Amino acid sequence: MPAIMTMLADHAARQLLDFSQKLDINLLDSVVNCLYHGEGPQQRMAQEVLTHLKEHPDAWTRVDTILEFSQNMNTKVSNLENVCKSFYSG
């Protein structure tokens, strides 16, 4: 993976996993778009970032913000799926 993509993935992951700051919905929507419409390294990068986000113990605290402000239906659906899986498996 080119160095610039690795830097962007690290930045996106840090930004989205920093629960002390307001969630950047546009960044989250962009990462989800990369997952569904990207190819190769870009898609793998998005998957890695989203996996770290969904595995975070406080991920559920972002559900309301995502559902209210996301402009991407894939973001909303995947977020709800992850929360439901966590709820029923926990």
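Above: the structure in question.
Keep in mind it's a predicted model, so treat the numbers as computed, not measured.

Thresholds applied
Residues numbered from 1 in each chain as written. Predicted model: local features only at pLDDT ≥ 70, side-chain atom pairs only at ≥ 80, totals over all residues. Heavy atoms only, no water. Core = buried A, V, L, I, M, F, W, Y, C linked by side-chain atoms within 4.5 Å. Buried < 20%, exposed > 50% of the residue type's maximum accessible area, 1.4 Å probe, protein only. Helix = DSSP H or I, 4+ residues; strand = E, 2+ residues; numbered from the N terminus. Contact = heavy atoms within 4.5 Å. Phe/Tyr/Trp six-rings, centres within 6.5 Å; stacked < 30°, edge-to-face > 60°. Lys NZ or Arg CZ within 6 Å of the ring centre and 35° of its normal. Expected span 1.5 Å × (residues − 1). Arc of directions from axis to C-beta.

Caption draft 1: Seen up close, the nonpolar core. Among the nonpolar cores identified, the biggest contains 18 residues, and Leu16, Leu23, Leu28, Val31, Val49 and Leu50 are the most heavily contacted of them. It is helix H2 (residues 25-37) that provides the largest number of residues to this core, a total of seven residues. For Leu23, the contacting residues outside a window of four places in its chain are Leu16, Leu28, Arg62, Thr65 and Ile66.

Caption draft 2: Molecular detail of the packing of aromatic side chains. Within the structure shown, the criterion is met by zero aromatic pairs. Note that Arg62 overlies the ring of Phe19, its terminal NZ or CZ placed 4.0 Å from the centroid.

Caption draft 3: View of the environment of Ala12. Following the sequence through the fold, Ala12 ends up in helix H1 (residues 3-17). It is 9.6 Å that separates the C-alpha atoms of Ala12 and Asp24, two residues lying twelve residues apart in sequence. Those residues in contact with Ala12 that sit more than four places away from it in its chain are Leu27, Val31 and Val49.

Caption draft 4: Layout of helix H3 (residues 40-55). With 16 residues, H3 should cover 22 Å at 1.5 Å per step; its first-to-last C-alpha distance of 23 Å lies within 8% of that length. For H3, every residue scored as buried is listed here: Met45, Ala46, Val49, Leu50 and Leu53. Within H3, the buried residues cover an arc of 125 degrees as seen down the axis, which keeps them to one side. Away from the buried face of H3 by more than 90 degrees, exposed residues Arg44 and Glu55 are located.

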